[in-house]
Amino acid sequence: DVKTYWVFLRPLKNKARVWTVEAIESIINSAPFLVYHIHSDNGSEFINSHLLEYCKTRRIKFTRSREHISNDNPHVENRNMVVVVRRYVGYSRYDSHKELEILKQLYYYIELRHNFFIPTMRLSSKQKIGKKYKRFYQTKTPYRRVLEDPETPEFIKETLIEFKKNLDIVKINKTIVKLYNLLGKVHKNKEALYYEKS
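What counts as what
Residues numbered from 1 in each chain as written. Predicted model: local features only at pLDDT ≥ 70, side-chain atom pairs only at ≥ 80, totals over all residues. Heavy atoms only, no water. Pairing = 2+ DSSP bridges. Helix = DSSP H or I, 4+ residues; strand = E, 2+ residues; numbered from the N terminus. Salt bridge = Lys/Arg side-chain N within 4 Å of Asp/Glu carboxyl O. Buried < 20%, exposed > 50% of the residue type's maximum accessible area, 1.4 Å probe, protein only. Phe/Tyr/Trp six-rings, centres within 6.5 Å; stacked < 30°, edge-to-face > 60°. Lys NZ or Arg CZ within 6 Å of the ring centre and 35° of its normal.

**Q** I'd like a rundown of the pairing of strand 3 (residues 120–129), residues and numbers included.
**A** Relative to strand 4 (residues 132–140), strand 3 runs antiparallel, the two being bridged by nine bridges. Along strand 4, the bridge assignment pairs Ser125 with Phe136. In this structure, the hairpin formed by strand 3 and strand 4 is closed by a connection of two residues, where Gly130 is found at a positive phi of approximately 65°.

Okay, here's the thing in C-alpha cells:
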C-alpha cells in the first residue's frame, strides 16, 4: 500500500483469472483500510477483461504500468528489496497442493512480521545543500501508520490494537522458520517421488 506500506502476500495456483480475482478479493476484505485503486504491472494475470470487470463492479480504479518503464511502478519497485518473498521461500518450483497450503500459512506470518514489527522508511522532506540534497525519513511500522492515519475509522484502530496484543514476534519468527523447513521437506519428498516414477 502506497500510503501505509502495508504488505499483502498471496500465493497463486497459476495465472488463471479465478485465482487472481480470489486473491484480490481476499486482500480487499482483509485490508484495514478502503482499497480504491489498484496499479499493476503488465502480467497476464492482471491485464485481462475479468479483472477489469471486477474492478468496475467494486468501483476500484485500475491502472497499469507502461511496458519496459519501471518508473511507472516506483512504489512497488522501491519495496522489492524490503519484502523479498524469495528470501523466505527460496527459488524452487512449488506446484503441489500441499506446497500451496504451506505457502498460504507462511505468507500469512510474513505479512504479520512486516506489517506489525518491521519499520519502514518513508521520505518526509528533503533539503538542498549546495549541489546535493539531504533527505529526512520517517521510520514507522505499517501498523503505526494505519493507527496515525486520520482517515482510518476508530473501530478498525481498536481492532488492530487488540489483535496486536496477541502477537509475539519471537513466535512469529519461529513459525516462519518451521514452515520454511516443512516446505523444504515436502518439496524434497515430491522431487524424490517424481524421480522414482521416471
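**Q** Explain the pattern of salt bridges residue by residue, including any values.
**A** A full pass over the atoms with the stated rule returns 12 salt bridges. The salt bridge partner of Glu99 is Lys190, with a shortest N-O separation of 3.1 Å. With Glu99 in helix 5 (residues 97–116) and Lys190 in helix 8 (residues 169–197), this pair connects stretches of sequence that are 91 residues apart. Judged by relative accessible area, which is 0%, Glu99 ranks as buried. Using a relative accessible area of 25% as the deciding quantity, one classes Lys190 as partly exposed. Overlapping salt bridges bring together Arg93, Asp95, Glu99 and Lys190 as one network.

**Q** Account for the packing of aromatic side chains, with residues named and values stated.
**A** The final tally for this structure, using the stated rule, is five aromatic pairs. Where Trp6 meets Phe116, the ring centres are 5.4 Å apart and the plane angle is 75°; that geometry is what we call edge-to-face. With Trp6 in the segment before helix 1 (17–30) and Phe116 in helix 5, this residue pair connects regions lying 110 residues apart in the sequence. Exposure remark for Trp6: the relative accessible area of 8% places this residue in the buried category. A network of ring pairs unites the aromatic residues Trp6, Phe116, Tyr143 and Phe163 as a single cluster. It is Arg122 that lies over the ring of Tyr5; its NZ or CZ is 5.6 Å from the centre. Note that Lys126 overlies the ring of Tyr133, its terminal NZ or CZ placed 5.0 Å from the centroid.

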